[in-house]
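Listed here are the chains, written in short residue letters.
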Amino acid sequence: MQVEIVTGSITEVICDALIVNLFEGVSMPTGATGAVDAALDGQIAGLIRGKQGAGKYGATSVLHICNGLGTRQVILLGLGKKEEFTLDRLRGVAGTAIRAAQKLDVRTVATVVHGAGQAGFDPQAAAQALVEGTLLGNYRFCCYKTGPDEVVIPEKLYIIEHDAQKVPQLTAGSERGQAVATAVNMTRSLVNHPANRMTPAKMAAQAAEIAAHHGLELQVLDKEEIAAQGMSAFLAVAQGSHEPPRLIVLKYNGNPGSQNLLALVGKGVTFDSGGISLKPSEGMQEMKDDMAGAAAVLGAMQAIAALRLPVNVAAVAPCTENLPSGYAFRPGDVIDSLGGKTIEIISTDAEGRLILADAITYAHRLGASHVVDLATLTGACVVALGTVASGVMANDRDLCGRVLAAAGAAGERMWELPLFEEYKEQIKSDIADLKNSGGRPAGAITAGLFLAAFAGAKPWVHVDIAGTVSSDKDSGYNVKGATGAGVRTLVRLAEDLGKW
Ligand code: MN
Ligand code: ZN
């Protein structure tokens, strides 16, 4: 979707649909909505009188009109209570509005920046949230449907602003929003593709495309090279599948003068059957999304490079399938790892932490000063936090605070879980240094503690996105399917770390 900032009168903009807004409880619209109402001889005020709840959060009402404006259709968008309106609510309602437009068979849509006036938002931040919400809400994944799409996707968004002085800020916010939303949507598509199409090799091809487009340094290690590195834990997971694994390393050097290097490590299990510890077949089709951490770090790299952030970042994405076969690793096996620790396998379905352990060690060897890993790691995290929030675990207060602050600013819910010493008992092995499963109690935390053993003393934060990776319905800026969870937070974090 193309975005253009237009200065001028909202009543004169030529478009297929015009989006204006209304706070809950307002009976006489003012501002841009008031101007449109006046041009329509009070039709909006009339609609508000006749329809209770037109201003409720996420409500949409459509007016079909003949004259008075440069459009034939007006979408009146409810913003909810003024005092509850936040940038994230703006992002959400922008997604709702564009999906209302999708139903109207339109190609060009014009909108005001909701809340820039009355809610007093900073114009740049508001424009970014508006563009992110619109582009994320407008996303569709239908590349395997051979017939014509059922809905027309609007292609052009005009953002109307009457005050020319605000245009530079709106432009900056809009560009940021486009870079971030494009990256989130790319991530969503990687996750939505099925496992037979999104193989480790295909992930590497996608990384190559990002690298070529944004001038990033790319290294892809194949199975022999992974073995030569000594990444035994990663290979143990990969050995059951005929589909060869890949280690993707993507580097962006935005601040050559700095010693700091942020490593973004993403779990890339392109299909997780559980291996010999086979999962129940019901719902197993969803395990194509077990590479969402890897997809998110690739998306974040794309946005970070597009925004030319002054920070050094490396993405490390171990990608493999986890399948049962005569070559597969078994429960009871003791395997080695790149970091040197030995691991007793309790469950071959606790595979994510094995490939991440080696990837975190590899990131340290690349010179990472800070590590953040993203992974659809545990069902236990979904039990703890549901689909609302990602779980955060860390060995460093400062970096943890920065990740949580970045999540808050980006509008992604994240919540910290404790890595108390006492939980370590659960992953002690009788015959090896560690075991890869600590049983059902506190399963998200024992997985975090397993990773912590490989993170060592270097600042590290782990984000478990198992619950937030996908949405079961269209809602706000989320569209049914993959959400692209984590990308917005990682980009914010990189912005923050640019001020190191
Ligand atoms: Mn698993
Ligand atoms: Zn998994």
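Residues numbered from 1 in each chain as written. Chains lettered and ligands numbered in written order. Predicted model: local features only at pLDDT ≥ 70, side-chain atom pairs only at ≥ 80, totals over all residues. Heavy atoms only, no water.

(A) Representation of the coordination of the zinc ion (ligand 2) in the model. Bound to the zinc ion (ligand 2) on the protein side are Lys267 (NZ), Asp272 (OD), Asp290 (OD) and Glu351 (OE), at distances that span 2.0 to 2.4 Å. Considering all 4 donor atoms around the zinc ion (ligand 2), the spread of angles at the metal, 86 to 179°, places the coordination shape in the irregular class. Written as a sequence motif, the donor residues of the zinc ion (ligand 2) are K-x4-D-x17-D-x60-E. The metal-metal distance between the zinc ion (ligand 2) and the manganese ion (ligand 1) is 2.9 Å, with Asp272 coordinating both. Of the two residues, Lys267 sits in the loop between β9 (262-266) and β10 (268-272) while Asp290 sits in the loop between β10 and α9 (292-306), which places them 23 residues apart along the sequence. (Donors = N, O, S within 2.8 Å, 3.2 Å for Na, K, Ca; no water. Tetrahedral: all angles 85-135°; square planar, octahedral: opposite > 155°, others 65-115°. Helix = DSSP H or I, 4+ residues; strand = E, 2+ residues; numbered from the N terminus.)

(B) Seen up close, the layout of surface pockets. Reported here for the second largest pocket is a volume of approximately 990 Å³. In terms of lining, the second largest pocket is formed by 36 residues, of which the most central are Val388, Gly411, Arg413, Tyr477 and Asn478. Mapped onto the lining of the second largest pocket, the elements with two or more residues apiece are α3 (87-102), α5 (167-192), α12 (397-410) and β19 (470-471). Per-class residue counts for the lining of the second largest pocket are 11 nonpolar, 16 polar and 9 charged. (1 Å grid on protein atoms, 1.4 Å probe; cavity = no way out; pocket = protein on both sides within 12 Å on 5 of 7 lines; lining within 4 Å. Points joined across faces, edges and corners; volume = space filled by probe spheres on them. Nonpolar A, V, L, I, M, F, W, Y, C, P; charged D, E, K, R; others polar.)

(C) Structural view of the coordination of the manganese ion (ligand 1). Around the manganese ion (ligand 1), the protein contributes the donor atoms Asp272 (OD), Asp349 (O), Asp349 (OD) and Glu351 (OE), which lie 2.1 to 2.2 Å from the metal centre. The sequence pattern formed by the donor residues of the manganese ion (ligand 1) is D-x76-D-x1-E.

(D) Molecular detail of the sheet that holds strand β13 (residues 343-344). Pairing within the open sheet is mixed, and its 3 strands lie in the order β12-β13-β17. Only two strands of the sheet have a single neighbouring strand rather than two, namely β12 (334-335) and β17 (434-435). Judged from the 2 bridges that link them, β12 and β13 form a sheet pairing that is antiparallel. Along β13, the bridge assignment pairs Ile335 with Ile343. (Pairing = 2+ DSSP bridges.)

(E) Spotlight on empty space enclosed by the protein. One pass over the full model with this rule turns up 4 cavities of 30 Å³ or more. Computed from the structure, the largest cavity encloses a volume of approximately 50 Å³. In terms of lining residues, the largest cavity is bounded by Arg91, Gln128, Glu132, Val180, Ala410, Arg488, Val491, Arg492 and Glu495. Top element by residues in the lining of the largest cavity is helix α14 (residues 487-497). It accounts for 4 residues. When grouped by side-chain class, the residues that make up the lining of the largest cavity number 3 nonpolar, 1 polar and 5 charged. Each of domain 1 (2-161) and domain 2 (183-497) accounts for three or more of the residues forming the lining of the largest cavity. (Domains from an automatic or database assignment.)

(F) Structural context of the packing of helix α4 (residues 123-137) against α5. Where α4 meets α5, the closest approach of the two axes is 7 Å, and the angle between their N-to-C directions is 30°. Relative to α5, the element α4 lies roughly parallel. In this structure, α4 meets α5 at a crossing whose hand is right-handed. Its residues placed into classes, the contact of α4 with α5 shows 10 nonpolar, 8 polar and 3 charged. (Axes fitted to C-alpha atoms, helices over the stretch in contact; angles between N-to-C directions. Parallel < 35°, antiparallel > 145°, perpendicular 65-115°, else oblique. Left-handed = near helix turned anticlockwise from the far one by under 90°.)

(G) Structural view of the pattern of salt bridges. Scanning the entire structure with this criterion turns up 21 salt bridges. Here Arg99 and Asp474 are joined by a salt bridge, their closest N and O atoms 4.0 Å apart. Remark: Asp474 occurs in the loop between β19 and β20 (481-482) and Arg99 occurs in helix α3; sequence separation between them is 375 residues. Its relative accessible area of 43% is what places Asp474 among the partly exposed residues. Among the salt bridges present, the one from Lys267 reaches Asp290, with a minimum N-O distance of 2.9 Å. Its relative accessible area of 1% is what places Lys267 among the buried residues. In the salt-bridge network here, residues are joined through shared partners; they are Asp88, Arg91, Glu132 and Arg488. (Salt bridge = Lys/Arg side-chain N within 4 Å of Asp/Glu carboxyl O. Buried < 20%, exposed > 50% of the residue type's maximum accessible area, 1.4 Å probe, protein only.)

(H) Representation of the packing of aromatic side chains within the structure. Under the defined criterion, the tally for this structure stands at 5 aromatic pairs. On the numbers, 5.6 Å between centres and 85° between planes, the contact of Phe23 with Phe85 is edge-to-face. On the criterion of sequence distance, the pair formed by Phe23 in strand β2 (residues 17-23) and Phe85 in the loop between β4 (73-80) and α3 is long-range, its members being 62 residues apart. Residue Phe23 is classed as buried on the basis of its relative accessible area, which comes to 5%. Owing to a relative accessible area of 6%, Phe85 belongs among the buried residues under this scheme. Three or more aromatic residues joined by ring pairs make a cluster, and in this case those are Phe23, Phe85 and Phe121. The ring centre of Tyr57 lies 3.9 Å from the NZ or CZ of Arg89, which sits over that ring. (Phe/Tyr/Trp six-rings, centres within 6.5 Å; stacked < 30°, edge-to-face > 60°. Lys NZ or Arg CZ within 6 Å of the ring centre and 35° of its normal.)

(I) Main features of the sheet that holds strand β5 (residues 108-111). Taken together, 6 strands build an open sheet; the order of strands is β1-β6-β5-β2-β4-β3 and the sheet is mixed. The sheet is open, and its two borders are formed by β1 (2-7) and β3 (60-64), each paired with just one other strand. On average, each strand axis in the sheet is tilted by 25° relative to the strand beside it, whichever way the strands run. For β2 and β4, the ladder comprises 6 bridges, and the chain directions are parallel. Across the sheet, Val20 pairs through a bridge with Leu76, a residue of β4. The sheet contacts of α4 involve β1, β5 and β6 (156-161), and relative to β6 the element is tilted by about 155°. (Contact = heavy atoms within 4.5 Å.)

(J) Focus on the pairing of strand β8 (residues 246-253). Burial analysis of β8 places 6 of its 8 residues in the buried class, which makes it a mostly covered element. The pairing of strand β7 (residues 217-221) with β8 spans 5 bridges and is antiparallel. The residue of β8 that forms the bridge with Gln219 is Val249.

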